[in-house]
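Chain and residue survey
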Amino acid sequence: MDATQDVLGPGYEAMRLPLGEDAEGQVVATLVRRRAPERTGRAVLYVHGFTDYFFQTHLADFYVERGYDFYALDLRKYGRSLLGHQTPNFIHSLSDYFPELDEAVRIIREDHDVLLLNGHSTGGLLTALWADRVKGKGLIDGLFLNSPFLDINAHAVMRRVGAGLAHMLRRPRPMAKLPASVSELYPRSIHRDHDGEWDFDLAWKPIEGFPVRAAWLAAVRRGQLRVHAGLEVDVPILVMCSTRSVKPRPGADRLTSADAVLNVEHIARWSVQLGPHVSLVRIDGGLHDLVLSAEPARKRTFAELDLWMSAYIRRL
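Residues numbered from 1 in each chain as written. Predicted model: local features only at pLDDT ≥ 70, side-chain atom pairs only at ≥ 80, totals over all residues. Heavy atoms only, no water.

So, unusual backbone geometry
- Phi at Thr51 is positive, roughly 50°, even though this residue is not glycine.
- Within the element layout of this structure, Thr51 appears in the loop between strand E4 (42-47) and helix H1 (57-65).
- Looking at Thr51, the relative accessible area reads 9%, which means it is buried.
- In this structure, Lys77 takes a positive phi of about 70° despite not being glycine.
- Summarising the element assignment, Lys77 is placed in the loop between strand E5 (69-74) and helix H2 (98-109).
- Residue classification places Lys77 among the buried residues on the basis of a relative accessible area of 1%. (Helix = DSSP H or I, 4+ residues; strand = E, 2+ residues; numbered from the N terminus. Buried < 20%, exposed > 50% of the residue type's maximum accessible area, 1.4 Å probe, protein only.)

Structure representation (structure tokens):
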């Protein structure tokens, strides 16, 4: 891996993955690495969610302390990979991301015998679809999904209306902005300059978020419906989510101790469609990104992940 020091500083390296061009021009992804102190032949690849990028260094700490080389992939048009001529986060299909996943896994597999794939939110949906696509090839040994985006957080009628509008506009007006977004109250609840304890780059993960565009939402919905129909991921899967969801309104109870982005009952319902071997764990007090939860919920998240890895990954 021909890499340079990452923006996170010493111990972190970044490698740019060229991905050719699309209608907007040059496209790249970025693979970030932090090595474990000793070589074990084990690695984990983390994939972020929407309006997001990798900054959770304590997540890397968790894996490195257990002998895993840690890798994170900033997808095209996100975070480290967002170029000046690009529309943030914009794609036409979730399969647009498969080339960077393919390349990242190829690079990691050159030096590792065991690979755990870890996806959060939209990254959880994406990694599940990718894992189903490569089943039978032995490329990964487990899949950990942190609050995966398996359904749209709205009532059934609104899901149909929103998805229908996105589908209708995805070809004639693919970049049309839809009246749907993540409330800025959730980013405020986690950023240290507001109500949280975490620091992240507000150019790459802005408090107000990025617009939800028609082609992107249509792509997500197609992916979700594939999950609903049933995938056949052939490795052990751990799905974790909060025990509660909360509507992100000013002064809302439990905004800092519940999922303010997705409906956790949707996650629980559709998890069983991912493959034949799925474990589901609910975290009391967990936020949407469980590893950014307050200490008690965060501690339990890591304890449950550690237990699952001991049972299904470390024994390999």
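Picking up where we left off.
Comments concerning the packing of aromatic side chains
- Considering all chains together, one arrives at 13 aromatic pairs under this definition.
- Look at Tyr12 and Phe54: their rings are 6.3 Å apart centre to centre, the planes differ by 45°, and that puts the pair in the tilted class. Linking Tyr12 in the loop between strand E1 (4-5) and strand E2 (13-22) with Phe54 in the loop between E4 and H1, this pair joins segments that are 42 residues apart in sequence.
- According to the relative accessible area criterion, Tyr12 is buried, its value standing at 7%.
- Here Phe54 falls in the buried class, since its relative accessible area comes to 0%.
- Geometrically, the ring pair formed by Phe55 and Phe200 is tilted, given 5.1 Å between the ring centres and 45° between the ring planes. Of this pair, Phe55 sits in the loop between E4 and H1 while Phe200 is found in the loop between helix H5 (185-190) and helix H6 (214-229), placing the two residues 145 residues apart along the sequence. (Phe/Tyr/Trp six-rings, centres within 6.5 Å; stacked < 30°, edge-to-face > 60°.)

A look at the packing of H2 against helix H3 (residues 122-133)
- Running from N to C, H2 and H3 point in directions that differ by 70°, and their axes come no closer than 11 Å. The angle between H2 and H3 falls in the class roughly perpendicular. Considering only the axes of H2 and H3, their crossing is right-handed. Note on element contacts: H3 touches H2 through Leu126, Leu129, Trp130 and Arg133, opposite Phe98, Leu101, Asp102 and Val105. (Axes fitted to C-alpha atoms, helices over the stretch in contact; angles between N-to-C directions. Parallel < 35°, antiparallel > 145°, perpendicular 65-115°, else oblique. Left-handed = near helix turned anticlockwise from the far one by under 90°. Contact = heavy atoms within 4.5 Å.)

Everything listed here is a matter of geometry and, on its own, says nothing about what the molecule does.
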